[in-house]
Amino acid sequence: MVRQSAPALSAVNELLQAGLNAHQRGHPRQALRTLHRAAALGQRLPDSSAQRRTLAAISISIAATVAETRGVQPGEAALHEARALAEQVDDPALMVKVHCQAAFIAARTGMFG
């Protein structure tokens, strides 16, 4: 099963990168669609630390995009979910990303301070 999930995880990571690229190019709605596709595909993979780490990274990216497209409260709710996923992985780098996204959301909405 590992042989089948490795290419699938690679496809999920490619979708994650495509979503990040779309967001950076100023296409947040396209980014959100792509990130949601990545999350849906990732959730169908066998449970593993790599799968959970990737899902947490996707969720963190979704939070900032949701805040930009749907508002602060939905963005904060998405970030809360992302934080829970990141805590399950126990990866300090993911927690840094959660904190960075929280600061990004706060700065973009004028609530930084």
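Below is a summary of the structure that appears in this document. What you see is a predicted model; the values in this text were computed from it and never measured.

**With respect to the overall build of the protein**
Here's step 1: From N to C terminus, the protein includes five helices and zero strands.
Here's step 2: Against the compact-globule benchmark of 13 Å for 113 residues, the protein has a radius of gyration of 14 Å, which places it among compact chains.
Here's step 3: Its C-alpha atoms give the protein principal-axis dimensions of roughly 45 × 30 × 20 Å.
Here's step 4: Each of the 113 residues in the protein was classed as buried or not, and the buried ones make up 40%.

**Observations regarding the packing of helix α4 (residues 72-89) against helix α5 (residues 92-108)**
For any two helices packed against each other, one specifies the crossing angle of their axes together with the interaxial distance.
Here's step 1: Axis separation between α4 and α5 bottoms out at 9 Å; the angle between their running directions is 170°. What the angle tells us is that α4 and α5 run roughly antiparallel. Every residue of α5 that contacts α4 at Gly75, Leu79, Ala82, Arg83, Ala86, Glu87 and Val89 is listed here: Leu94, Met95, Val98, His99, Gln101, Ala102 and Ile105.
Here's step 2: Partitioning the contact of α4 with α5 into residue classes produces nine nonpolar, three polar and two charged.

**Remarks on helix α3 (residues 49-70)**
Here's step 1: Over its 22 residues, α3 runs 30 Å from end to end, which matches the ideal 32 Å to within 8%, given 1.5 Å per residue.
Here's step 2: Burial within α3 is extensive, with 16 of its 22 residues counted as buried.
Here's step 3: Positive backbone phi, at 115°, marks Gly71, one or two positions downstream of α3.

**Section: the pattern of salt bridges**
Here's step 1: With the rule as written, the count across this model stands at two salt bridges.
Here's step 2: One salt bridge connects Asp47 with Arg52, and the closest N-O pair in it is separated by 3.0 Å.
Here's step 3: Looking at Asp47, the relative accessible area reads 61%, which means it is exposed.
Here's step 4: Arg53 is the partner of Asp91 in a salt bridge, and the nearest nitrogen-oxygen pair spans 3.2 Å. In this pair, Asp91 is assigned in the loop between α4 and α5 and Arg53 in helix α3, connecting sequence segments 38 residues apart.
Here's step 5: On the basis of relative accessible area, Asp91 is assigned to the buried category, the value being 18%.

**Some words on unusual backbone geometry**
Most peptide bonds take the trans configuration, and most residues that are not glycine carry a negative phi.
Here's step 1: Of note, Asp90 is a non-glycine position whose phi angle comes to about 60°, a positive value.
Here's step 2: Checked against the element boundaries, Asp90 lands in the loop between α4 and α5.

Conventions we followed
- Residues numbered from 1 in each chain as written.
- Predicted model: local features only at pLDDT ≥ 70, side-chain atom pairs only at ≥ 80, totals over all residues.
- Heavy atoms only, no water.
- Helix = DSSP H or I, 4+ residues; strand = E, 2+ residues; numbered from the N terminus.
- Rg over C-alpha atoms; globule rule 2.2 N^0.38 Å.
- Buried < 20%, exposed > 50% of the residue type's maximum accessible area, 1.4 Å probe, protein only.
- Axes fitted to C-alpha atoms, helices over the stretch in contact; angles between N-to-C directions.
- Parallel < 35°, antiparallel > 145°, perpendicular 65-115°, else oblique.
- Contact = heavy atoms within 4.5 Å.
- Nonpolar A, V, L, I, M, F, W, Y, C, P; charged D, E, K, R; others polar.
- Expected span 1.5 Å × (residues − 1).
- Salt bridge = Lys/Arg side-chain N within 4 Å of Asp/Glu carboxyl O.

Fair warning: the whole summary comes from geometry, so function is off the table for now.
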